[in-house]
Amino acid sequence: MSGVEWDVIPPTPHPAHVHMALDEVLLERVIAGVRKPTLRIWEWIEPALVIGSHQSVANEVDVDAASELGFVVTRRMSGGGTMLCEPGRTITYSLYLPESVVAGVSFRKSYALLDDWAVRTFVELGVPAEYREINDIISPRGKIAGAAQARRRGFVLHHTTIAHSMEAELLERLIRIGRPDIAEIGVRSANKTVSPLSWFTTRSCAEVALDLALFFSSRFRTHPSQAQPEELEAALHLVSTKYATPAWVNRLP
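Now for a description of the structure that goes with this document. Computed from a predicted model, the values in this text were never measured in an experiment.

### Focus on the pairing of strand S1 (residues 5-14)
- Of the pairings in the sheet, the one linking S1 to strand S11 (residues 221-224) comprises four bridges and is parallel in character. Within S11, the residue paired with glutamate 5 across the bridge is arginine 221.
- Alignment of S1 against strand S2 (residues 38-44), held across six bridges, turns out to be parallel. Among the inter-strand pairings, proline 13 is bridged to a residue of S2, identified as glutamate 43.
- What joins S1 to S2 is helix H1 (residues 16-32), and the crossover it makes is right-handed.

### Here we look at the sheet that holds strand S8 (residues 136-139)
- Spatial ordering of the open sheet is given by S7-S8-S9-S10-S6-S2-S1-S11, a layout of eight strands whose pairing is mixed. Each having just a single partner strand, strand S7 (130-132) and S11 make up the two edges of the open sheet. Taken pair by pair, the neighbouring strands of this sheet meet at an average axis angle of 25 degrees, ignoring direction.
- Bridge analysis of strand S9 (residues 142-152) against strand S10 (residues 155-163) gives eight bridges, and the strand direction is antiparallel. Within S10, the position partnered with glutamine 149 by the bridge is histidine 158.
- Along the sheet face, helix H4 (residues 107-124) touches S2, strand S6 (90-98), S7, S8, S9 and S10 and points at about 130 degrees away from the line of S9.

Conventions adopted
- Residues numbered from 1 in each chain as written.
- Predicted model: local features only at pLDDT ≥ 70, side-chain atom pairs only at ≥ 80, totals over all residues.
- Heavy atoms only, no water.
- Pairing = 2+ DSSP bridges.
- Helix = DSSP H or I, 4+ residues; strand = E, 2+ residues; numbered from the N terminus.
- Right-handed = clockwise from strand over helix to strand, strands pointing away.
- Axes fitted to C-alpha atoms, helices over the stretch in contact; angles between N-to-C directions.
- Contact = heavy atoms within 4.5 Å.

What follows is the structure in structure tokens.
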């Protein structure tokens with residue numbers, strides 16, 4: 001990663017479906033060579049349940065509870081399990097890069113490599129963080145963050161969702177972990193104890209998001225960036241034609 005020049009998009013607020021669409025748009029822009037490899041830090045402005053590309057909404061989400069509590073259900077383009085995301089309580093970041101950056105590293109090991117800078121950020125904040133293969137940042141008390149990837153035409157989308165704070169009861173109510181299957185197909189989310197950052201640091205969610213951006217910029221060659229108007233326009237088009245449609249959200253993998 002140190003041999004690459006990166007664009008860094010700081011925490012930027014968008015609705016949940018727009019965040020999903022921006023991942024696809026920015027990955028395609030990096031593939032096309034019109035954008036440098038990029039770090040984008042998300043800012044959540046609405047509560048959301050983000051299911052993996054290979055999951056079934058019926059199996060993963062308590063739809064009645066989600067509706068009652070005002071959670072948007074959205075599907076990302078990458079794999080992995082369902083994530084509970086809330087404004088001021090969740091941090092997500094995405095990396096868009098060529099596979100050459102992780103050349104010589106196995107698929108399993110690439111997760112730890114791409115999240116190492118985040119682990120080091122947390123350690124500097126006094127959080128006893130380390131990596132657990134294949135895709136978790138953990139503390140001795142449980143899971144802090146989980147990562148997922150999608151690979152397209154020699155390029156990688158890697159994103160990681162971090163629990164800054166969370167109510168365990170809410171997780172159990174909204175995500176159907178341990179409940180019987182409804183759909184016959186779809187990858188199920190694993191049952192892992194969550195260990196939010198707020199157990200270890202007094203830094204706010206917004207402050208930690210900025211800490212991540214600053215640490216990344218201090219360790220790698222970076223340039224300040226933002227989503228360009230044409231990228232936002234493309235993302236909004238994808239929201240209306242794909243990411244916000246029942247055909248995408250409720251599809252059976």
